[in-house]
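Survey of secondary and tertiary structure
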Amino acid sequence: MGLPVGVRQGAVIYIAALTTVDPQLYEAATIDGAGHWGRLIHVTLPSIRSTIVTMLLLNLSHVLMIFEQILVMYNAAVYDVADVLQTYVYREGVLNGDVGYSIAVGMFTSIISLILVLSTNKLSAVVLDETVL
């Protein structure tokens, strides 16, 4: 058993971003008296800021799309505590046959996800001091 694939891919991306940080910045921060936390806050995080924002955007689009993890343990006894939007759409559309209603709920979930991603994209433009289309 290991880490999930998404966690491993994210770790590889962050490690790749850390290799692009100039070592001279760490040396200069050490000479200026920065400790481990000081180097992290003032050198590492600003250097990989764009990678952090990109990973946030990529992961945020999946926040409301939880399905497989819940469906594995899904049964009538846990509907009231384990029902998320995607399993509700599945139950209403496939199991109960109310396809129109489940499509409406699924579209609502997709629109909320789109709003979350677009607003985070606008916020990232402010954080990264860039223009957004």
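Refer to the preceding data block for the structure.
Residues numbered from 1 in each chain as written. Predicted model: local features only at pLDDT ≥ 70, side-chain atom pairs only at ≥ 80, totals over all residues. Heavy atoms only, no water.

Observations regarding the overall build of the chain
Helix and strand counts for the chain stand at 8 helices and 0 strands. When its helices and strands are written in sequence order, the chain yields α-α-α-α-α-α-α-α. Counting contacts in the chain only where the partners sit at least 6 residues apart, residues at least 24 apart contribute 45% of the total. Accessible surface computed for the chain: about 9,500 Å², of which carbon and sulfur atoms make up 68%. (Helix = DSSP H or I, 4+ residues; strand = E, 2+ residues; numbered from the N terminus. Contact = heavy atoms within 4.5 Å. Areas by Shrake-Rupley, 256 points an atom, 1.4 Å probe, with all protein chains shown as cover.)

Some details on the environment of His-42
Checked against the element boundaries, His-42 lands in helix H3 (residues 36–47). For His-42, a relative accessible area of 62% gives the class exposed. When the C-alpha atoms of His-42 and Tyr-26 are compared, they prove to be 9.4 Å apart, with 16 residues separating the residues in sequence. (Buried < 20%, exposed > 50% of the residue type's maximum accessible area, 1.4 Å probe, protein only.)

A few points about the nonpolar core
Ala-17, Val-21, Ala-29, Val-43 and Ile-48 together form the largest nonpolar core, which totals 5 residues. If near-sequence neighbours (up to four positions away) are discounted, Ala-29 is found in contact with Ala-34, Arg-39 and Val-43. (Core = buried A, V, L, I, M, F, W, Y, C linked by side-chain atoms within 4.5 Å.)

Details of the packing of helix H7 (residues 85–95) against helix H8 (residues 99–128)
Close contact between H7 and H8 brings their axes to 8 Å; oriented N to C, the two are set at 165 degrees. By the angle class used here, H7 and H8 are roughly antiparallel. The interaxial crossing formed by H7 with H8 has left-handed handedness. Only Val-99, Tyr-101, Ser-102, Val-105, Gly-106 and Thr-109 of H8 make contact with H7, whose side of the interface consists of Leu-85, Gln-86, Tyr-88, Val-89, Glu-92 and Gly-93. By residue class, the composition of the contact of H7 with H8 is 6 nonpolar, 5 polar and 1 charged. (Axes fitted to C-alpha atoms, helices over the stretch in contact; angles between N-to-C directions. Parallel < 35°, antiparallel > 145°, perpendicular 65-115°, else oblique. Left-handed = near helix turned anticlockwise from the far one by under 90°. Nonpolar A, V, L, I, M, F, W, Y, C, P; charged D, E, K, R; others polar.)

Focus: the packing of aromatic side chains
Taken as a whole and judged by the stated rule, the model has 1 aromatic pair. Pairing Tyr-88 with Tyr-101 gives two aromatic rings, centres 6.0 Å apart and planes at 85 degrees, and the pair type is edge-to-face. One end of the pair, Tyr-88, is in helix H7; the other, Tyr-101, is in helix H8, with 13 residues separating them in the sequence. Under the relative-accessibility criterion, Tyr-88 is labelled partly exposed at 23%. (Phe/Tyr/Trp six-rings, centres within 6.5 Å; stacked < 30°, edge-to-face > 60°.)

Quick look at H8
Here H8 contains 30 residues, and its C-alpha end-to-end distance of 43 Å stays within 8% of the 44 Å for a straight helix at 1.5 Å per residue. Taken as a whole, H8 has its buried residues at Ser-102, Val-105, Gly-106, Thr-109, Ser-113, Thr-120, Ser-124, Ala-125 and Leu-128. As for H8, its buried residues are in contact with helix H4 (49–60) and H7. Remark: Asp-129 follows H8 within two positions and exhibits a positive phi of approximately 55 degrees. (Expected span 1.5 Å × (residues − 1).)

Examining the environment of Leu-45
Assignment of secondary structure puts Leu-45 in helix H3. In sequence terms Leu-45 and Val-21 are 24 residues apart; their C-alpha atoms lie 9.8 Å from each other. With sequence-adjacent residues up to four places away left out, Leu-45 is seen in contact with Leu-40 and Ile-52.

Overview of a nonpolar patch on the surface
Taken together, Trp-37, Leu-40, Ile-41, Leu-45 and Ile-52 make up a surface patch of nonpolar side chains, about 480 Å² in accessible area. It is H3 that contributes the most residues to the nonpolar patch, 4 residues altogether. Residue placement: Ile-41 occurs in helix H3. Residue class for Ile-41 comes out partly exposed when judged on its relative accessible area of 47%. (Patch = residues over 30% accessible without salt bridge, like charges linked within 9 Å, V, L, I, M, F, W, Y side chains within 5 Å. Salt bridge = Lys/Arg side-chain N within 4 Å of Asp/Glu carboxyl O.)

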